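# Observations on the three-dimensional arrangement
For reference, the chains in residue letters:
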Amino acid sequence: MLTTIITSIFSFVGTNIDDTFVLAVWFSQADSSLKRRDIVIGQFLGFELLVLVSVFAAYGLSFLPTDQVGWLGVVPIILGIRKWLKYRHRLIEPHETAHIKSKLKQELKAERGKLRRQTWFKPEILAVSLITISNGAGNLTVYIPLFTEYGTAELGITVLVFSLMTGLWCYIGYQIANLPIIKNKLERSKQIVIPLVFIAIGVYVLLESGVLR
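Scope of this entry: the structure provided in the associated data block. (Residues numbered from 1 in each chain as written. Predicted model: local features only at pLDDT ≥ 70, side-chain atom pairs only at ≥ 80, totals over all residues. Heavy atoms only, no water.)

### Thoughts on the overall build of the protein chain
Convention followed: Each helix corresponds to a stretch of at least 4 residues labelled H or I by DSSP, and each strand to a stretch of at least 2 residues labelled E; elements are numbered beginning at the N terminus. Should any heavy atoms of two residues lie within 4.5 Å, those residues are counted as being in contact. Accessible surface is estimated by sampling points in the Shrake-Rupley manner with a 1.4 Å probe; for residues, cover comes only from the protein chains shown.
Secondary structure summary: the protein chain contains nine helices and zero strands in total. The helix and strand sequence of the protein chain, counted from the amino end, reads α-α-α-α-α-α-α-α-α. A separation of at least 24 residues holds for 87% of the contacts in the protein chain among residues at least 6 apart in sequence. Looking at the protein chain as shown, the accessible area adds up to about 12,600 Å², and 67% of this sits on carbon and sulfur atoms.

Shown next as structure tokens:
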């Protein structure tokens, strides 16, 4: 049991060390529409789906072509470009128009807030989940062989450890985002840094997974 726990911890850390920075980027954007709980829920949903696919594949029940998962790298690239265009549009629009739009958005957010109370799932959660899945696509190459060697008890322990570590990773990401030096730099240059981070993640996933070869 102790060996399984230690192996699970090292496997998680080794495959998700970069997720702390990605989570920090997400937490730096937390506002009235993207809440901290949305980021946490999205991270858990995305990562647990990766674990579930790994379990299915380890027991020969995979319904997904795991060798093609790398194409999910397109998702953060699209999201990064979308954010860049959004920031660019804010910079070039007239100040007066921006002020009017800001007031309209506040009213719209208030209306959306009422609707969102009626449902727990939001587009923001989906965005975080998709980034988590695409950034963790390479994890499958580690998890599938590992799970193949495990019985039910060892698999259950591993899933539990992974879940606890996901919560810890969210906490670490939140703390990084709130470090004064990180927070100030992201706040000053988020129009450039955040889109670049997402695009870089997508390009890395596409190249590392080998789907472009």
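There's more to say after this.
### Some details on the packing of helix H2 (residues 19-28) against helix H3 (residues 36-58)
For clarity, the threshold we go by: For helices, the fitted axis covers only the stretch in contact; all axes are lines through C-alpha atoms, and the angles between them, taken along N-to-C directions, range from 0 to 180 degrees. Throughout, the term roughly parallel applies to angles under 35 degrees, roughly antiparallel to angles over 145, roughly perpendicular to angles from 65 to 115, and oblique to all others. We call a crossing left-handed when the near helix sits turned anticlockwise from the far one by less than a right angle, and right-handed when that turn is clockwise. Three residue categories are used. Nonpolar comprises Ala, Val, Leu, Ile, Met, Phe, Trp, Tyr, Cys and Pro, charged comprises Asp, Glu, Lys and Arg, and polar comprises the others, including Gly.
Viewed as axis vectors pointing N to C, H2 and H3 meet at an angle of 150°, and their least axial separation amounts to 10 Å. With respect to each other, H2 and H3 are oriented roughly antiparallel. Two packed elements cross with a definite hand, and for H2 against H3 that hand is right-handed. Contacts between H2 and H3 involve Asp19, Leu23, Trp26 and Phe27 on the former and, on the latter, Arg36, Ile39, Val40 and Gln43. The residue makeup of the contact of H2 with H3, split by class, is five nonpolar, one polar and two charged.

### Comments concerning empty space enclosed by the protein
Rules: For cavity detection a 1 Å grid was placed over the protein atoms alone, and a set of points counts as a cavity when a 1.4 Å probe fits there but cannot get out; an open set counts as a pocket when protein lies on both sides within 12 Å along at least five of seven lines, with lining residues being those that have an atom within 4 Å of a point. Grid points are joined across faces, edges and corners, and a volume is the space filled by probe spheres set on the points.
Counting across every chain of the model gives one cavity of 30 Å³ or more. Roughly 30 Å³ of internal volume is contained in the largest cavity. Residue lining of the largest cavity: Asp19, Val22, Leu23, Trp26, Gln43, Val128, Ile131 and Thr132, and that is the complete set. Every element with two or more residues in the lining of the largest cavity is listed here: H2 and helix H6 (123-135). Looking at which element gives the most residues to the lining of the largest cavity, the answer is H2, with four residues. For the lining of the largest cavity, the class distribution of residues is five nonpolar, two polar and one charged.

### Brief notes about H3
Since the α-helix packs 3.6 residues into each turn, any two residues three or four apart lie on the same face. For the record, the criterion: The span you would expect from a helix comes to 1.5 Å times its residue count less one. Burial here depends on accessible area, computed with a 1.4 Å probe over protein chains only, as a share of the maximum for the residue type. Under 20% is buried, over 50% is exposed, and the range in between is partly exposed.
With 23 residues, H3 extends 33 Å from end C-alpha to end C-alpha; this agrees with the ideal 33 Å at 1.5 Å per step. Within H3 the residues assigned to the buried category are Asp38, Ile39, Gly42, Gln43, Gly46, Phe47, Leu50, Val51, Val53, Ser54, Val55 and Ala58. Buried positions along H3 lie against helix H1 (2-16), H2, H6, helix H7 (140-148) and helix H8 (152-177).

### Points about the side chain of Ser11
For Ser11, the location among the structural elements is in helix H1. Ser11 gets classed as buried once you look at its relative accessible area, which sits at 13%. Dropping the residues within four chain positions of it, Ser11 is found in contact with Tyr143, Leu146 and Phe162.

### With respect to H7
Where H7 is concerned, the buried positions are Leu140, Tyr143, Ile144, Leu146 and Phe147. Buried-residue contacts for H7 involve H1, H3 and H8.

### Things to note about the environment of Phe27
For Phe27, the position within the fold is in helix H2. A sequence separation of 143 residues divides Phe27 from Cys170, and the C-alpha atoms of the two residues are 9.1 Å apart. Setting aside anything within four residues of it in sequence, one finds Phe27 in contact with Arg36, Ile39, Val40, Cys170, Gly173, Tyr174 and Ala177.

### Details of the nonpolar core
Just so we agree on the cut-off: Grouping buried Ala, Val, Leu, Ile, Met, Phe, Trp, Tyr and Cys residues that are joined through side-chain atoms within 4.5 Å yields what is termed a nonpolar core.
In this structure, Trp26, Ile39, Phe47, Phe147, Phe162 and Phe198 are the most contacted members of the largest nonpolar core, which totals 39 residues. Elements with a contribution of two residues or more to this core: H2, H3, H6, H7, H8 and helix H9 (180-209).

### Quick notes on the packing of aromatic side chains
For the record, the criterion: Working definition: a ring pair exists when centres of Phe, Tyr or Trp rings (six-membered ring for Trp) sit within 6.5 Å. Plane angles under 30 degrees give stacked, over 60 give edge-to-face, the rest tilted.
Applying the stated criterion to the full structure yields ten aromatic pairs. Relative to Phe147, the ring of Tyr143 has its centre 6.0 Å away and its plane inclined at 20°; by these criteria the two rings are stacked. Taken together, the residues span about one helical turn, with Tyr143 and Phe147 both in helix H7 at a distance of four residues. The two residues Tyr143 and Phe147 agree in class, both being buried. Centre to centre, the rings of Tyr143 and Phe162 are 5.0 Å apart; their planes meet at 45°, and the pair counts as tilted. Residue Tyr143 is found in helix H7, and its partner Phe162 is found in helix H8; the two are separated by 19 residues along the sequence. Each of the two residues, Tyr143 as well as Phe162, counts as buried. One aromatic cluster is present, formed by Phe12, Phe47, Tyr143, Phe147, Phe162 and Trp169 through successive ring pairs.

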